[in-house]
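Residues per chain are reported as follows:
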Amino acid sequence: MAPNSVVVTMEKPNHFSIVEINASDPSLFPEKRKAVSPKQFSWVLLLKAYKALTCVSWLALAFKATFISIKKRFALSKMSKEEPRSRGKLYRFIKAFLVISIVALIIEVIAHFKIWSSNLKNPWEIQGLVQWCYMAWLSFRAHYIAPLVITVSKFCTVLFLIQSLDRLVLCLGCFWIKYKKLKPEINGEAYDIEDPSSFPMVLVQIPMCNEKEVYSQSISAACQLDWPRDRLLIQVLDDSDDGNVQLLIKDEVSSWRQKGINIFYRHRLIRTGYKAGNLKSAMGCDYVRDYEFVAIFDADFQPNPDFLKQTIPHFKGNPELGLLQARWSFVNKDENLLTRLQNINLCFHFEVEQQVNGVFLNFFGFNGTAGVWRIKALEDSGGWLERTTVEDMDIAVRAHLNGWKFIFLNDVKVLCELPESYEAYKKQQHRWHSGPMQLFRLCLPAIITSKIPMWKKSNLIFFLLRKLILPFYSFTLFCIILPLTMFIPEAELPLWVICYIPIFMSFLNILPAPKSFPFLVPYLLFENTMSVTKFNAMVSGLFQLGSAYEWVVTKKTGRSSESDLLAFSERESKSSNEEKILRRHSESGLNLISKLQEQEAPRVKKRNRLYRKELALAFLLLIAAARSLLSAHGVHFYYLLFQGLSFLVVGLDLIGEQFPGNQLSMELVYSTDRS
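Worth saying up front: this structure is predicted, and the values here are computed from it rather than measured. Within each chain, residues carry numbers counting from 1 in the order of the written sequence. Under the rules for a predicted model, residues below a pLDDT of 70 receive no local features and side-chain atom pairs below 80 are neither given nor counted, while totals for whole chains, interfaces and linings still include all residues. For the side-chain quantities, the full set of heavy atoms in the structure was used; hydrogens and water were omitted.

Novice: Sorry, what's going on with the overall build of the chain here?
Specialist: The helix and strand labels rest on DSSP assignments: H or I over at least four residues marks a helix, E over at least two residues marks a strand, and numbering proceeds from the N terminus. Check the secondary structure of the chain and you find 21 helices and nine strands. Exposure classes here rest on a 1.4 Å probe applied to the protein chains alone. A residue is buried below 20% of its type maximum, exposed above 50%, and partly exposed in between. Residue burial in the chain is summarised as follows: out of 675 residues, 48% are buried. Entry remark: accessible area of the chain is about 34900 Å², with carbon and sulfur atoms responsible for 61%. Per-residue accessibility takes into account occlusion by the displayed protein chains alone, with areas from the Shrake-Rupley method and a 1.4 Å probe.

Novice: What should I look at first to understand the sheet that holds strand E7 (residues 321–330) in this one?
Specialist: Strands pair in a sheet through their backbones, by hydrogen bonds, and they do so in one of two ways: parallel or antiparallel. Spatial ordering of the open sheet is given by E5-E4-E3-E6-E8-E7-E9, a layout of seven strands whose pairing is mixed. Edge strands, defined here as strands with exactly one partner in the open sheet, are strand E5 (263–267) and strand E9 (405–416). Each strand of the sheet is rotated relative to its neighbour by a mean of 20°, with strand direction disregarded. Pairing between strand E6 (residues 293–296) and strand E8 (residues 371–374): four bridges, direction antiparallel. Counted as the bridge partner of Phe293 is Arg374 from E8. Across the sheet, helix H6 (residues 243–257) is in contact with strand E3 (202–208), strand E4 (232–238) and E5; its angle to E5 comes to roughly 160°. Strands qualify as paired when DSSP identifies two bridges or more between them. Convention adopted: a line fitted to C-alpha atoms gives each axis, helices being fitted over their contacting stretch, and angles between N-to-C directions are expressed from 0 to 180 degrees. Residue contacts are defined here by distance: any two heavy atoms, one from each residue, within 4.5 Å place the two residues in contact.

Novice: It is not clear to me how the packing of aromatic side chains should be interpreted in this structure. Could you clarify?
Specialist: Each Phe, Tyr or Trp ring, with Trp reduced to its six-membered ring, pairs with another whose centre is within 6.5 Å; inter-plane angles below 30 degrees give stacked pairs, above 60 give edge-to-face pairs, and intermediate values give tilted ones. Under the definition given, this model contains 26 aromatic pairs. When the centroid spacing of 4.9 Å and the interplanar angle of 90° are considered together, the rings of Phe199 and Trp227 count as edge-to-face. One end of the pair, Phe199, is in the loop between helix H4 (129–180) and E3; the other, Trp227, is in the loop between helix H5 (215–223) and E4, with 28 residues separating them in the sequence. Both residues of the pair, Phe199 and Trp227, belong to the buried class. Centre to centre, the rings of Phe472 and Phe535 are 6.4 Å apart; their planes meet at 35°, and the pair counts as tilted. Of this pair, Phe472 sits in helix H13 (residues 454–487) while Phe535 sits in helix H16 (residues 531–542), and the two are 63 residues apart along the sequence. Clustering of aromatic rings is evident, with ring pairs tying together Phe301, Trp328, Phe350, Phe363, Phe364, Phe366, Trp373, Phe406, Phe408 and Phe463. In this scheme, the term charge over a ring applies when either NZ of a lysine or CZ of an arginine sits within 6 Å of the ring centre and within 35 degrees of the ring normal. The lysine or arginine in question, Arg257, covers the ring of Phe264, its NZ or CZ lying 5.1 Å from the ring centre. Between the NZ or CZ atom of Lys259 and the centre of the ring of Trp256, over which it lies, the distance is 4.5 Å.

Novice: Could you clarify how one ought to interpret the packing of H13 against helix H20 (residues 634–651) in this entry?
Specialist: Relative orientation and spacing of two packed helices are given, respectively, by the angle between their axes and the distance between those axes. In the contact formed by H13 and H20, the axes pass within 11 Å of each other and the chain directions differ by 135°. Judged by the inter-axis angle, H13 sits oblique to H20. The interaxial crossing formed by H13 with H20 has left-handed handedness. For the pair H13 and H20, the contacting residues are Phe478, Cys479, Leu482, Pro483 and Met486 in the first and His636, Tyr639, Leu640 and Phe647 in the second. Throughout, the term roughly parallel applies to angles under 35 degrees, roughly antiparallel to angles over 145, roughly perpendicular to angles from 65 to 115, and oblique to all others. Should the near helix be turned counterclockwise from the far one by less than a right angle, the crossing is left-handed, whereas a clockwise turn marks it as right-handed.

Novice: What exactly am I supposed to notice about the UniProt feature "transmembrane region" (unreviewed entry) in the chain here?
Specialist: UniProt positions are given in the numbering used here, feature names are shortened, and annotations may be inferred rather than shown by experiment. In the numbering used here, UniProt assigns the "transmembrane region" (unreviewed entry) feature to residues 49–70, 90–113, 144–162, 460–487, 493–511 and 615–632. With 89% helix and 0% strand, residues 615–632 has its two end C-alpha atoms placed 26 Å apart.

Novice: So what exactly am I meant to see when it comes to the environment of Pro319 here?
Specialist: Examined against the element boundaries, Pro319 turns out to sit in the loop between helix H8 (307–311) and E7. In this structure Pro319 comes out as exposed when scored by relative accessible area, which is 62%. Residues Pro319 and Lys405, spaced 86 residues apart in sequence, show a C-alpha to C-alpha distance of 9.3 Å. Excluding residues within four positions of it along the chain, Pro319 makes contact with Arg374 and Trp404.

Novice: Teacher, can you tell me more about unusual backbone geometry here?
Specialist: In most cases, non-glycine residues show a negative phi, while peptide bonds are predominantly trans. The phi torsion at Tyr274 lies on the positive side, around 55°, for a residue other than glycine. Classification of Tyr274 by relative accessible area gives partly exposed; the value is 32%. Positive phi, close to 60°, is recorded for Asp653, a residue that is not glycine. Among the residues examined, Asp653 registers a relative accessible area of 8% and is labelled buried.

Novice: Help me understand the nonpolar core in this model?
Specialist: What tends to happen in soluble globular proteins is that the nonpolar side chains get buried as a cluster. In this text, buried Ala, Val, Leu, Ile, Met, Phe, Trp, Tyr and Cys residues form a nonpolar core when linked through side-chain atoms within 4.5 Å. Counting 84 residues, the largest nonpolar core has Val204, Ile219 and Trp373 as the members making the most contacts within it. When residues of this core are assigned to their parent elements, the largest contribution, seven residues, is made by E9. Sequence-distant contacts of Ile219, defined by excluding residues within four places in its chain, comprise Ile206, Met208, Val236, Ile249, Glu252, Val253, Trp256 and Ile263.

Novice: Where do I start with the pairing of E4 in this structure?
Specialist: Within a regular beta strand, the side chains point alternately toward one face of the sheet and then the other, so they alternate between its two faces. Buried residues dominate E4, accounting for seven of its seven residues. Across seven bridges, E3 lies against E4 in parallel orientation. Note that in E4 the partner of Gln205 across the bridge is Gln235. One crossover worth recording links E3 to the parallel E4 by way of H5, and it is right-handed. Note that E4 and E5 share five bridges and pair parallel. Bridging from a neighbouring strand, Ile234 pairs with Ile263 of E5. Here is how to tell: hold the view so the strands point away, follow the path from the first strand over the helix to the second, and if it runs clockwise the crossover is right-handed.

Novice: Looking at this model, I keep getting lost on the pairing of E8. Mind explaining?
Specialist: The two faces of E8 match: Gly371 and Trp373 on one face and Val372 and Arg374 on the other face are all buried. Examined bridge by bridge, E7 and E8 share three bridges and lie antiparallel to one another. Bridge pairing in E8 links Gln325 to Gly371.

Novice: For this particular structure, what's the right way to read the packing of helix H12 (residues 422–449) against H13?
Specialist: H13 packs onto H12 with a crossing angle of 155° between their chain directions and a minimal axis gap of 8 Å. Viewed along their axes, H12 and H13 adopt a mutual orientation that is roughly antiparallel. Between H12 and H13 lies a crossing whose hand is left-handed. Contact with H12, carried on its side by Trp432, His433, Pro436, Met437, Leu439, Phe440, Leu444, Ile447 and Ile448, involves Lys457, Leu460, Ile461, Leu464, Leu465, Lys467 and Leu468 of H13 and no other residues of that element. Here the residues of the contact of H12 with H13 are counted per class, giving 13 nonpolar, one polar and two charged. Classes in brief: Ala, Val, Leu, Ile, Met, Phe, Trp, Tyr, Cys and Pro nonpolar; Asp, Glu, Lys and Arg charged; the others, Gly included, polar.

Dropping the structure here:
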């Protein structure tokens, strides 16, 4: 009979009795008193020992692999160009905070094991000078430090709630657009295909700088745009300072000119103003005056042949329309963890932010590429200015102040590439978050004194402040205050601040990319990890520090989608005498690239970088996690632990590692191409 069983005895249908038998009574179960054999006991011990050894060996192997990886990173690391700046005020502040937290952790461990508590009220209960100092610190902490930390945390929490409410409203607007199936419609009649003169004059500009890996893709894609050739002009605006790259681009342009494409190559000897100066110089050409619209594509963007036919007709019958922005699509979104997390952010940006603002406000930030401007709108707004590193956002704000309307086309997608290394992504994010702060300082007086309605002024100001609110509260609240509260329990943050709302907002952010749901937690951790870069950029832009006006071209790898590579290999397998316009590559460009590659020196093995601010924050959060164990903070401990590990992964430059499966598939495609 089983232990703790119940016996039911039924004499009649309506009469039964229940007897509960307790297995702890040995008199009821004499067979239970039978001794276990030594052989069985030995097997049990052996099984437990085997499980313990297996667990220990697995932990040892994991620790060894981690240690070897970290050691390799340190051995192969090199000082980045940002190293002198990493020793600035922010880095020194984090280091000081880290040293104080280590000392505080040691004291708290001693106090925990010696059971020092603030409940000791009588002086004779305090033993020794060290305990007296600790008790004095507890009193000082509760009366002076905790109120200050609570005030700052409440301020950051208010900013967090404002940002969360903004995201929620945008998501509701997106749901409404999907429910009502709202999208921009073409008002005017279609252009007469048989009459090319009915098509407007369109200028296509491709600004680039030392982008050897991707120039041929964008040029060939632009040359294949389906538009009457006598109504289309392509400008390749090359700011490269590498002579070999200039020769490659010139050869590519000349090969397309020989095929009848109206394309020009422009090179500036003095590279001032970066991209804004390049575009401004190109718009000063005399032949541009005959053109009505200008489409802009960065060097890694590859528009479909029907791009102009999907976008230009929206301007017909809509004279107030100044800008039409298309959506970005990414060839390498599944390349590694970093590109997957970027894809989540950008899908939300286009699907929710750009689309909602375009439908309900007729205003959003120009993305700098994959868009079509009415040239008159550019001229009325003052043209391209070189005063910030976000010339696209600058011209959008000024055009909106002049009454021009914008349209976002979520269905029109342009293929491009995401940064695959953390170094490239970090520099890109620094520019994207430093520039808006520069623009905020410059445009705030113009916004306040403008004649637009008050609600538009408020929307414009909040549009610019978004880049300030997010990095400020994210870095201050989750990277500074949260670990600080582990040593100041009086100011402990509630669970809904560190867990419930962030997870819910991350869930909303990931909705436009439903295939990325398995990356929900990594996305949340990575966004907080990037807050140190964004905060640093925000401060440098707001106070015009040295790195605020730095412009670094985002490094490209020149990846094409798998379908593009297979299609290219099929075209190459056909007769070489057949002349066809290739979409992604030109034969002369490939030949010239191969010749230059033969002359180049052997490739140097990639040396990984170490990011000191991220590593310092990693150790700070891990120390705070250790402190939370003493207070038995479950959720706080796990959050600090995983957030610290995410900072450690980023600090060791492990975030951009390529998945072996993706690398193998790309190698197979390239091998097919070579064969």
